[in-house]
Amino acid sequence: MPTDQGQHPLSVDETSRPRTVRTAEQQGRRLGRLMVLPLIVILGAIFLYPVLFTARISLQDYRLNALGDVRFIGLDHYVSLLSNNTFITAMRNTAVFVVVAVGLELVIGLTLALLVHRQIRLRNLTRSILLAPMFVTPIAVGLMFRFLLNQQLGLVPPLLQAVGIEIDFFGPRLALLSLAFIDVWQWTPLIFLMMLAGLESLPKQPFEAAKVDGASAWFTFRRVTLPMLRPAIVVAVIIRTLDALRVFEYVFAITRGGPGEATETIQFLIYRVGFQFFRLGEAAAMAYVLVAVVLVLVAVLVRLSRRPDAT
Amino acid sequence: MSALATNVKRRVLTGVRVSIVAAMVVIVVVPFAWVVAASLKPQEALSRGPFEPFTPQFETWGEVLRSGVTASFTRSVIVGLATVSIAVVVGSLGAYAISRFRTGGGTMRFGVLAGQMIPPAVLVIPLFLIAFQFGLNDSLPAVVASHLTFVLPLVTWFLIGFFDEVPHEYEEQAMVDGYTRWRAFYKVVLPQVRPGIGAAAIFGFILSWNDMFYALILGGGQARTLPVAIAGFNTFRGVELGRMSVAILMSVIPVLIASFFVQRRLIQGLGSGGLKG
């Protein structure tokens, strides 16, 4: 509905209308290409070029402090990664981190969404508070928890000591898990949000039918809610997994990879090798191994979402 | 008798439910409250135990507001606004074409998001080297370019969903009335999705505001954004803790306020356009 009065040329000739419509369609297609052009140019510049560039230097002895002496070395970087213990540890740590964090986030987020879904009193306030952590910059969250869990200055250790528990959150044994728990604090809200959105878009009839049939709450959850939520769950898990693989800020803020290599994660290692040790070629090869892992993971998760239900 | 039993059972269940949700709320709120308290504690109270009483003071706030952190705050605002402006203009043009004219087909529609699978580590190396070649290393334009890698696809994706929901009759009617395609888009469709654009813009701003990885590598010195400045507080001495808490709150408070405006939209966007695609 044009609101712009007095601008409508009312003289649309009845006989020429089909032609007008056709040219409008062609006009639309041309306009469409024109409108999408800036998007493609920018995406090409910030994705396509970097992706190809990184692929190329992963085959070169590319060091920031020896740019005059860049040699093609084929797959040497990739081959040496196979026996690079720090790299293997970083991959393993990242895998543990992702599985623990995303697993807990899914369980807690889904439970919480089910609990809050039909809440009436204080509905918006509860939701706003529960969603808050995901909007905070991860580096701030990292430092907040480093402070909160600090043995001398923190809040949590004295409370635990009062009941006789002594935990060194960032010691060699627990550091990685502590980081995963911080991730759970920050990102469970995202899964919670996506599950809420999923629950609210579900049709009502299956639930009414289950109620009429006298199905128990657990049965309804297992056989009605869960199967219908599956696409939303898969999307949420993909998004969170891709993001958790990039864990960087908590490591940077709290442990810097230590103690020892206990919290060395892949993104942090790439940062160190590439931008602190200037070995960009090697860092690029690590990044590409990560790409391969990501592609396999996404393919598996997408397959999982398409698997027909057993029931 | 059994009616009474179910009644009791229901009450117990409600009690359990309310206490779980309440516990979660406490777990979310306590860390924030703790940092607020730390930002108000006098220096000597910070090194005492956490439960000692203290008289609130605002000296630490004053100190930080007069320091370089304010400049970082401004830089974060500039980067966020620049990123979002580019993303909204380029994204809404592209999203409209993808939604209406099926430009590029399904490949384009989903290809927009495909880039999100690429780890930032792959993108940051060339972006750093390009910036270096143009003499733009440690500068805000380099940071903006890197933030577009995650803000632009997301904004575009959200907008495709919003444009999909505007009935085609709107433009058809406008064109019958003599509007060109472009004017129909600009004058008729765009106002319809303005709330969606607003929410996507705020969300994009928050993402840019929160990034540290790219900002650290592409602008870690003179062009420090707020998260990079916050990362600088990594020595845990009494004085630093108070200042760090203030810096954290400077980053957190604006975002929490902004998030209230987008939450409901986010739930809608994810429920309709976002998930079904």
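Residues numbered from 1 in each chain as written. Chains lettered and ligands numbered in written order. Predicted model: local features only at pLDDT ≥ 70, side-chain atom pairs only at ≥ 80, totals over all residues. Heavy atoms only, no water.

## Here's the deal with the overall build of chain B
- Looking only at helices and strands, one finds 13 helices and zero strands in chain B.
- Sequence-ordered secondary structure for chain B, helices as α and strands as β, is α-α-α-α-α-α-α-α-α-α-α-α-α.
- Against the compact-globule benchmark of 19 Å for 277 residues, chain B has a radius of gyration of 24 Å, which places it well outside the compact range.
- Taken over the C-alpha atoms alone, chain B extends approximately 80 × 75 × 35 Å along its principal axes. (Helix = DSSP H or I, 4+ residues; strand = E, 2+ residues; numbered from the N terminus. Rg over C-alpha atoms; globule rule 2.2 N^0.38 Å.)

## Quick notes on the overall build of chain A
- Counting its secondary structure elements, chain A contains 12 helices and zero strands.
- For chain A, the succession of helices and strands along the chain, N to C, is α-α-α-α-α-α-α-α-α-α-α-α.
- Relative to the compact-globule value of 19 Å for 311 residues, chain A shows a C-alpha radius of gyration of 26 Å, a clear excess of over 25%.
- Looking at chain A as a whole, 51% of its 311 residues are labelled buried.
- Considering only contacts in chain A between residues 6 or more positions apart, those separated by 24 or more positions represent 67%. (Buried < 20%, exposed > 50% of the residue type's maximum accessible area, 1.4 Å probe, protein only. Contact = heavy atoms within 4.5 Å.)

## Focus: the packing of aromatic side chains
- Overall, the coordinates contain 27 aromatic pairs over all chains when judged by the stated rule.
- Where Phe73 of chain B meets Trp209 of chain B, the ring centres are 5.3 Å apart and the plane angle is 85°; that geometry is what we call edge-to-face. One end of the pair, Phe73 of chain B, is in helix 4 (residues 69–100); the other, Trp209 of chain B, is in helix 10 (residues 194–210), with 136 residues separating them in the sequence.
- With relative accessibility at 2%, the residue Trp209 of chain B sits in the buried group.
- Linked through ring pairs, Phe248, Phe252, Phe268 and Tyr271 of chain A together with Phe150, Phe213 and Tyr214 of chain B together constitute an aromatic cluster.
- Note that Arg256 of chain A overlies the ring of Phe252 of chain A, its terminal NZ or CZ placed 3.9 Å from the centroid.
- Over the aromatic face of Tyr179 of chain B sits the side chain of Arg183 of chain B, whose NZ or CZ is 4.8 Å from the ring centroid. (Phe/Tyr/Trp six-rings, centres within 6.5 Å; stacked < 30°, edge-to-face > 60°. Lys NZ or Arg CZ within 6 Å of the ring centre and 35° of its normal.)

## A closer look at helix 9 (residues 217–244) of chain A
- The terminal C-alpha atoms of helix 9 of chain A, which comprises 28 residues, lie only 33 Å apart, well short of the 40 Å expected from a rise of 1.5 Å per residue.
- At Arg230 of chain A, helix 9 of chain A shows its largest bend, some 55°, and a proline, Pro231 of chain A, comes one to four positions later. (Expected span 1.5 Å × (residues − 1). Bend = angle between axes of the 7 residues up to and from the residue.)

## Points about the interface of chain A and chain B
- The partner chain B presents 95 residues to the 92 residues of chain A that form the contact.
- Summed over both sides, the interface of chain A with chain B buries roughly 8,300 Å², with 81% coming from carbon and sulfur.
- Among the residues of chain A in contact with chain B, Met35, Phe135 and Phe147 of chain A are the three that bury the most area, contributing 10% of the side total.
- The interface formed by chain A and chain B includes zero salt bridges.
- Put simply, chain A and chain B have six residue pairs in polar contact (both at pLDDT 80 or more) between them.
- Per-element tally for the side of chain A that touches chain B: the top contributor is helix 1 (residues 17–57) of chain A, with 22 residues.
- When its residues are assigned to classes, the side of chain A that touches chain B shows 68 nonpolar, 15 polar and nine charged. (Buried area = accessible area lost by both parts, 1.4 Å probe. Salt bridge = Lys/Arg side-chain N within 4 Å of Asp/Glu carboxyl O. Polar contact = N/O pair within 3.5 Å; in protein donor to acceptor, adjacent residues only side chain to side chain. Nonpolar A, V, L, I, M, F, W, Y, C, P; charged D, E, K, R; others polar.)

## Section: the confidence of the model for chain B
All names here are of chain B.
- Looking at chain B as a whole, its pLDDT mean stands at 84, while 92% of the residues score no less than 70.
- In this model residues 272–277 is a low-confidence stretch, pLDDT under 50, and it forms 16 contacts with partners more than four residues away in sequence or in other chains.
- Of the two predicted TM-score estimates for the complex, the pTM is 0.85 and the ipTM is 0.85. (pLDDT = per-residue confidence, 0-100.)

## Topic: a positive patch on the surface
- Residues Arg118, Lys204 and Lys211 of chain A together with Arg10 and Arg17 of chain B make up a contiguous surface patch of positive charge.
- Among the secondary structure elements, Arg10 of chain B is positioned in helix 1 (residues 2–40).
- A relative accessible area of 59% means that Arg10 of chain B is categorised as exposed. (Patch = residues over 30% accessible without salt bridge, like charges linked within 9 Å, V, L, I, M, F, W, Y side chains within 5 Å. Areas by Shrake-Rupley, 256 points an atom, 1.4 Å probe, with all protein chains shown as cover. Lys, Arg positive; Asp, Glu negative; His and termini not counted. Charge placed at Lys NZ, Arg CZ, Asp CG, Glu CD.)

## A short note on the pattern of salt bridges
All names here are of chain A.
- Applying the stated criterion across every chain, the model contains 13 salt bridges over all chains.
- Between Asp61 and Arg71 there is a salt bridge; the shortest N-O distance is 3.0 Å. Pair noted here: Asp61 is in the loop between helix 1 and helix 2 (76–82) and Arg71 is in the loop between helix 1 and helix 2, with a separation of 10 residues, a long-range link.
- The class for Asp61 is buried, based on a relative accessible area of 14%.
- Assessed through its relative accessible area of 44%, Arg71 is described here as partly exposed.
- In this structure, Asp243 and Arg240 form a salt bridge, with 3.1 Å as the shortest nitrogen-oxygen distance.

## A short note on the environment of Val36 of chain A
- Mapped onto the fold, Val36 of chain A is located in helix 1.
- Beyond its immediate stretch of four places on either side in the chain, Val36 of chain A contacts Gly94, Ala97, Ile98, Thr103 and Met108 of chain B.

## Brief notes about the packing of helix 8 (residues 205–212) of chain A against helix 9 of chain A
Residues and elements named next belong to chain A.
- Close contact between helix 8 and helix 9 brings their axes to 11 Å; oriented N to C, the two are set at 170°. By the criterion of interaxial angle, the relationship of helix 8 to helix 9 is roughly antiparallel. For the pair formed by helix 8 and helix 9, the contact residues are Pro206, Phe207 and Ala210 on the first element and Thr220, Val224, Thr225 and Met228 on the second.
- Residues of the contact of helix 8 with helix 9, tallied by class, amount to five nonpolar, two polar and no charged. (Axes fitted to C-alpha atoms, helices over the stretch in contact; angles between N-to-C directions. Parallel < 35°, antiparallel > 145°, perpendicular 65-115°, else oblique.)

## Considerations on the packing of helix 4 (residues 123–131) of chain A against helix 7 (residues 175–200) of chain A
Residue and element names in this part refer to chain A.
- The geometry of helix 4 relative to helix 7 is characterised by a closest axis approach of 9 Å and an angle of 140° between their N-to-C directions. Between helix 4 and helix 7, the interaxial angle falls into the category oblique. Contacts from Arg123, Arg127, Leu130 and Leu131 in helix 4 reach Pro189, Phe192, Leu193, Leu196 and Glu200 in helix 7.
- Of the residues that constitute the contact of helix 4 with helix 7, the class distribution is six nonpolar, no polar and three charged.

## Let's talk about the environment of Val79 of chain B
All names here are of chain B.
- Mapping Val79 onto the fold places it in helix 4.
- Sequence spacing of Val79 and Thr225 is 146 residues, and the spatial spacing of their C-alpha atoms is 8.3 Å.
- Those residues in contact with Val79 that sit more than four places away from it in its chain are Leu140, Val143, Val144, His147, Ser208 and Thr225.

## Some words on the layout of surface pockets
- Space inside the second largest pocket adds up to approximately 1,600 Å³.
- Taken together, 28 residues make up the lining of the second largest pocket; nearest its centre are Leu114, Arg118, Ala217 and Thr220 of chain A together with Arg17 of chain B.
- Of all the secondary-structure elements, those providing two or more residues to the lining of the second largest pocket are helix 3 (85–116), helix 8 and helix 9 of chain A together with helix 1 of chain B.
- Broken down by class, the residue content of the lining of the second largest pocket amounts to 14 nonpolar, seven polar and seven charged. (1 Å grid on protein atoms, 1.4 Å probe; cavity = no way out; pocket = protein on both sides within 12 Å on 5 of 7 lines; lining within 4 Å. Points joined across faces, edges and corners; volume = space filled by probe spheres on them.)

## Observations regarding a nonpolar patch on the surface
- Together, Leu4, Val8, Val12, Val16 and Ile20 of chain B make up an exposed nonpolar region whose accessible area comes to about 420 Å².
- Looking at the element boundaries, Val12 of chain B is found in helix 1.

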